[in-house]
Amino acid sequence: MGDTGTPSIPRIEPVPEGIARPLWSVMIPTYNPGEYLRKTLQSVMAQDRGPERMEIEVVDNCSTEGNPEALVKAVCGSRVAFYRRPKNEGAVANFNACIQRSHGRLIHILHSDDYVLPGFYAEIERLAEAHANAALLATRCFFVDENEVITGVTTRIPELESGGTSAEGLYYETPMQFPGVVIRREFYEAHGGYMPSLVHTCDREMWARAVSSEGGVISTNVVACYRESASNESAAVARSGENVRDFLRLAEVFRKRYPGFSSDRARQIAAHAALRQASRFSALNDTDSAKSNWRLWVENCSWLDRLKEGVRPLVRRVLGGDRAYLGSLTVHGTARHQRAEAL
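Residues numbered from 1 in each chain as written. Predicted model: local features only at pLDDT ≥ 70, side-chain atom pairs only at ≥ 80, totals over all residues. Heavy atoms only, no water.

## Examining the pairing of strand β2 (residues 54–60)
Across the seven residues of β2, seven count as buried, placing the element largely inside the fold. Side chains M54, I56, V58 and D60 of β2 all project onto a buried face; the interleaved residues E55, E57 and V59 project onto the opposite face, where all are buried too. In this structure, strand β1 (residues 24–30) lies alongside β2, joined through seven bridges in parallel fashion. The residue bridging P29 from the neighbouring strand is V59, located in β2. As for the winding sense of the linkage, the β-α-β connection from β1 through helix α1 (residues 36–45) to β2 is right-handed. Pairing geometry for β2 and strand β3 (residues 81–84), over four bridges, is parallel. Within β3, the residue paired with V58 across the bridge is F82. In this region the chain leaves β2, passes through helix α2 (residues 68–76) and returns to the parallel neighbour β3; the handedness of that crossover is right-handed. (Buried < 20%, exposed > 50% of the residue type's maximum accessible area, 1.4 Å probe, protein only. Helix = DSSP H or I, 4+ residues; strand = E, 2+ residues; numbered from the N terminus. Pairing = 2+ DSSP bridges. Right-handed = clockwise from strand over helix to strand, strands pointing away.)

What follows is the structure in structure tokens.
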């Protein structure tokens, strides 16, 4: 059954016979969502296809703050189901639980801080009809901040705009984002769920797997929103460099799977990302985090990169100190979507 022969890819069981199959399953994984969940729910309810065509369920990963179930009932009444998992086994396990609990043919995993814009579900339905064999159906996304101010937009993947099976656009960056992506349930049943061994890059692995196995198509319309917010988890993984390590784990998966994938290029990208993070934390006087990321850079950079860094102290003295040096390293910015594209 395709990739399910790999132990790290969990099996997704088919929907049992006799159970009603709506077209849509909008599955909303959540953990301590706060008021962001309200916007997520409202955006879906504004495009509700009705219970016969659209299943909507919030899958709570044992939240320890607030009362997400009460919020769901206040916003949606009995229209949206709520399920609290008995144990928090991490975000990836929650994504897989969403898939396994779904009954629809098109599965939209919509995080509880993201939301969709008017026309999203109609656009995906159009793509699904026009590309009946494509496993992945997607649109572009806006990046928005905590106040829903637009800060950017996902890049285009021209080779997939008319449909295709090339995953090369996903090898070294993340040009798509979760709220804009829908995958057919039959693909999950044939090829398995998200890989638990990948945490911060499990989405990119899944999307590459879907596109390369059964094809994908991406609309140029921007009808979904990916929220960028300062989170303790995001900060923690950057401080430890775990986001870079996860990218390297993904690179090993891709190396084995795709003949055209370059491990050397991936390591170079990882090294540069670690160096940027080391510089940023150094500027913030977070010495431990800077050292963690510096070590990652040393482990993955090329000899030429080490040579360049070896002469930088002289350059710093000539240019006027560490401030100019740190500025040169952080010129690429620190927006979440820019970091995501790098990884």
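Having seen it, we continue.
## A word on the packing of helix α6 (residues 202–214) against helix α8 (residues 242–257)
For the pair α6 and α8, the least separation of the axes is 10 Å and the interaxial angle reads 20 degrees. By the angle between their directions, the pair α6 and α8 is classed as roughly parallel. Here α6 runs over α8; the crossing is right-handed. Residues R204, E205, A208 and R209 of α6 pack against F247, L250, V253, F254 and R257 of α8. Class assignment of the residues belonging to the contact of α6 with α8 gives a composition of five nonpolar, no polar and four charged. (Axes fitted to C-alpha atoms, helices over the stretch in contact; angles between N-to-C directions. Parallel < 35°, antiparallel > 145°, perpendicular 65-115°, else oblique. Left-handed = near helix turned anticlockwise from the far one by under 90°. Contact = heavy atoms within 4.5 Å. Nonpolar A, V, L, I, M, F, W, Y, C, P; charged D, E, K, R; others polar.)

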